[in-house]
Amino acid sequence: MVSNLTEKVLVIGHRGMVGSAILRRLYLQGYTNILTLGRDDLDLLDQSAVKAYFQDSAVDQVYLAAAKVGGIHANNVYPADFIYQNLMIQANVIDAAHRADVQKLLFLGSSCIYPKLAVQPMAEDSLLTGVLEPTNEPYAIAKIAGIKLCESYNRQYGRDYRSVMPTNLYGPHDNYHPDNSHVIPALLRRFHDAVAHDVEEVVIWGSGNPMREFLHVDDMAAASVHVMELDAHAYQQNTQPMLSHINVGTGVDCTIRELAQTIAKVTGFKGVLSFDVSKPDGTHRKLMDVSRLKSMGWQASITLEDGLNDAYQWFVANRLDARG
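Heads up: these notes are all about the structure in this document. (Residues numbered from 1 in each chain as written. Predicted model: local features only at pLDDT ≥ 70, side-chain atom pairs only at ≥ 80, totals over all residues. Heavy atoms only, no water.)

According to the stated counting rule, one finds eight salt bridges in the structure shown. In this structure, the salt-bridge partner of Arg99 is Asp95, at a minimum N-O distance of 2.6 Å. You can see Arg99 and its partner Asp95 sitting in helix α4 (residues 79-99), four residues apart, about one turn around the helix. In this structure, Lys148 and Glu151 form a salt bridge, with 2.9 Å as the shortest nitrogen-oxygen distance. In this pair, Lys148 and Glu151 are both assigned in helix α5 (residues 137-157), three residues apart and thus about one turn of the helix distant. (Salt bridge = Lys/Arg side-chain N within 4 Å of Asp/Glu carboxyl O. Helix = DSSP H or I, 4+ residues; strand = E, 2+ residues; numbered from the N terminus.)

Here it is in structure tokens:
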């Protein structure tokens, strides 16, 4: 493992769920020279401003956790914003880092890069083997481009730019908005409200049979720092120049019914769970193959129930600030 704790490390997107978790992890591991960069500090869509920032800051490592994100509704309504803004953020940051002679960078992507009908569990080599899920294709295309940007700068300039692709994430600083949050924060909020208002039944969309994999964001952050700290030989030994991204997940999934039952336990809900089969189930299964990451010496350690407890405690303490 390579770990120079005095190097200047830049975390871009530190106010988001993933960026804030990486920041916590870096401090926990003893890094002493950390810079942060949020949307209020610098417009990442402004190429000249990003280039000037990197020329002036003299950073050694970059964690690129900034992105325009949203649920199915937002992806459907604003596809141009999702592909344009994410392409520009990635291109501006990665090129500016290279021009400022930053040798190490970690790009954070998403499991949506894989084809809609990818073989389960989804291995890294299923990238670009099929059609993407239409609802988030623009976002996925941008994330695929981010991987290829890193690989191209590595191949042409000898940089050490790496990419990690997380499964479904949850945890502190998640989005708990009642209309546009993902499944775990949405259910945590719904069950919390049911307990608070003595509601006897919680209705969940679909049959409850689809299977999903969930990773606590603190595990994601630990994996990200682990991958960044690997020496170049250890990283290259387990990757290929044009297939260099790494899946990050638990390698274990559960049904939506099992997830709802665990959330009911965590929130203290004693009522009835009902499943509205008139609503769509979506893809039956989305599971990551995490064997590449395991071969690099890391695996998830936070159980789903423990992670949900942590996420719920954060929500209760911060629900007025949980974006809705």
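Read on, since the account is not over.
This next bit is on the side chain of Asn154. On the secondary structure map, Asn154 appears in helix α5. For Asn154, a relative accessible area of 19% corresponds to the buried category. Within the local environment of Asn154, its side chain forms a polar contact with the backbone oxygen of Tyr161, the two atoms lying 2.8 Å apart. Setting aside residues no more than four positions away along its own chain, Asn154 makes contact with Arg159, Asp160 and Tyr161. (Buried < 20%, exposed > 50% of the residue type's maximum accessible area, 1.4 Å probe, protein only. Polar contact = N/O pair within 3.5 Å; in protein donor to acceptor, adjacent residues only side chain to side chain. Contact = heavy atoms within 4.5 Å.)

Moving on: the nonpolar core. Soluble, globular proteins show a tendency: their nonpolar side chains are buried together. The biggest cluster of nonpolar side chains holds 38 residues, and the ones touching the most others in it are Ile12, Leu44, Phe54, Val62, Val93 and Leu105. For this core, the elements supplying multiple residues, two or more each, are β1 (9-12), α2 (47-57), β3 (61-64), α4, β4 (104-108), α5 and β5 (160-166). If near-sequence neighbours (up to four positions away) are discounted, Leu105 is found in contact with Val62, Val93, Ile94, Ala97, Cys150, Asp160, Tyr161, Arg162 and Met228. One finds Val11, Leu26, Leu169 and Met296 within the second-largest nonpolar core, a separate group that totals 32 residues. (Core = buried A, V, L, I, M, F, W, Y, C linked by side-chain atoms within 4.5 Å.)

Glancing now at the packing of aromatic side chains. Following the criterion strictly, the structure yields six aromatic pairs and no others. Measuring from ring centre to ring centre gives 5.7 Å for Tyr153 and Tyr157, while their planes differ by 35 degrees; the resulting arrangement is tilted. Placement of the pair is Tyr153 and Tyr157 together in helix α5, with a separation of four residues, close to one helical turn. The exposure class of Tyr157 is partly exposed, given its relative accessible area of 43%. Their ring planes at 25 degrees and their centres at 6.1 Å tell us that Tyr176 and Trp314 sit as a pair that is stacked. In this pair, Tyr176 sits in the loop between β6 (168-170) and α6 (183-196) while Trp314 sits in helix α11 (residues 304-318), placing the two residues 138 residues apart along the sequence. Taken together, the aromatic side chains of Tyr176, Trp314 and Phe315 make up a single cluster linked through ring pairs. Against the face of Phe82 rests Lys68, its NZ or CZ located 5.1 Å from the ring centre. (Phe/Tyr/Trp six-rings, centres within 6.5 Å; stacked < 30°, edge-to-face > 60°. Lys NZ or Arg CZ within 6 Å of the ring centre and 35° of its normal.)

Next up on the list: the sheet that holds strand β13 (residues 285-286). Here we have three strands laid out as an open sheet, ordered β11-β8-β13, and mixed in their pairing. At either margin of the open sheet sits one strand with a lone partner, and together these are β11 (254-255) and β13. In terms of strand pairing, strand β8 (residues 211-212) meets β11 through two bridges, oriented antiparallel. Bridge pairing in β11 places Met211 opposite Thr255. (Pairing = 2+ DSSP bridges.)

Attention now goes to helix α7 (residues 217-229). In a regular helix each residue adds 1.5 Å, so 13 residues correspond to 18 Å; α7 covers 18 Å between its end C-alpha atoms and thus fits that length. Judged by how many residues are buried, α7 sits mostly within the fold: 12 of 13 residues are covered. Inspection of α7 places Val217, Asp219, Met220, Ala221, Ala222, Ala223, Ser224, Val225, His226, Val227, Met228 and Glu229 among the buried residues, and these make up the whole buried set. (Expected span 1.5 Å × (residues − 1).)

The next thing to look at is unusual backbone geometry. A cis amide bond links Gln120 with the next residue in sequence, Pro121, at an omega value of -10 degrees. Phi angles above zero are rare outside glycine, and Ala58 is one such case at about 55 degrees.

An order of β2-β1-β3-β4-β5-β10 is seen for the six strands of this open sheet, with the pairing classed as parallel. Every other strand in the sheet has two partners, leaving β2 (34-37) and β10 (246-248) as the edge strands with one partner each. Adjacent strand axes in the sheet meet at a mean angle of 20 degrees, parallel and antiparallel pairs treated alike. Strand contacts of α5: β4 and β5, with the helix running at about 155 degrees to β5, the strand carrying the most contacts. (Axes fitted to C-alpha atoms, helices over the stretch in contact; angles between N-to-C directions.)

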